[in-house]
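Survey of secondary and tertiary structure
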Amino acid sequence: MGDKKSPTRPKRHAKQTADEGYWDCSVCTFRNTAEAFKCSICDVRKGTSTSASVVKGAVVEPVAVHSAYL
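Here goes a summary of the coordinates provided. (Residues numbered from 1 in each chain as written. Predicted model: local features only at pLDDT ≥ 70, side-chain atom pairs only at ≥ 80, totals over all residues. Heavy atoms only, no water.)

Some details on the side chain of Asn-32
Going by this rule: Think of it this way: any DSSP run of H or I at least four residues long counts as a helix, any run of E at least two long counts as a strand, and we number them from the N terminus. Exposure classes here rest on a 1.4 Å probe applied to the protein chains alone. A residue is buried below 20% of its type maximum, exposed above 50%, and partly exposed in between. Polar contact is defined as a pair of N or O atoms within 3.5 Å, subject to the rule that within protein one atom must be able to donate a hydrogen and the other to accept it, and that residues adjacent in sequence are counted only when both atoms are side-chain atoms. Any two residues having at least one pair of non-hydrogen atoms within 4.5 Å are treated as being in contact.
Within the fold, Asn-32 resides in strand 2 (residues 31–33). Judged by relative accessible area, Asn-32 falls into the buried class, the value being 1%. Within the local environment of Asn-32, its side chain forms a polar contact with the backbone oxygen of Phe-30, the two atoms lying 3.2 Å apart. Polar side-chain contacts of Asn-32 include one of 2.8 Å to the backbone nitrogen of Ser-40. If near-sequence neighbours (up to four positions away) are discounted, Asn-32 is found in contact with Gly-21, Tyr-22, Trp-23, Cys-25, Lys-38, Cys-39 and Ser-40.

Shown next, in the form of C-alpha cells:
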C-alpha cells in the first residue's frame, strides 16, 4: 500500500493589480476609476455602505450581484 496524501487546496491570491485602478459602486455596482470620489452613474460617494443608501433624495435598496460578476 502506498502513502496516501490528502488533496491540496489551491492557494488564495490577492486581487490582481489591474483591479487597483478601479472601485465598484456598492449601490449600482458600476466600476469607477480610482480617481472618482463618487459613482459616475448614481452619484453615490466612494465607500458608501450598502444598507439602504440615499441616492439623489431617494432611498435605494442594495441590489444582489450574480457571483459571475464578482
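So, next bit.
Some remarks on the pattern of salt bridges
For the record, the criterion: Here a salt bridge means any side-chain nitrogen of Lys or Arg lying within 4 Å of a carboxyl oxygen belonging to Asp or Glu.
Evaluated as defined, the whole model comprises 2 salt bridges. As a salt-bridge pair, Asp-24 and Arg-31 come within 2.9 Å of each other at their nearest N and O atoms. With its nearest N and O atoms 3.8 Å apart, the salt bridge here joins Lys-38 to Asp-43. When its relative accessible area of 36% is taken as the criterion, Lys-38 is described as partly exposed.

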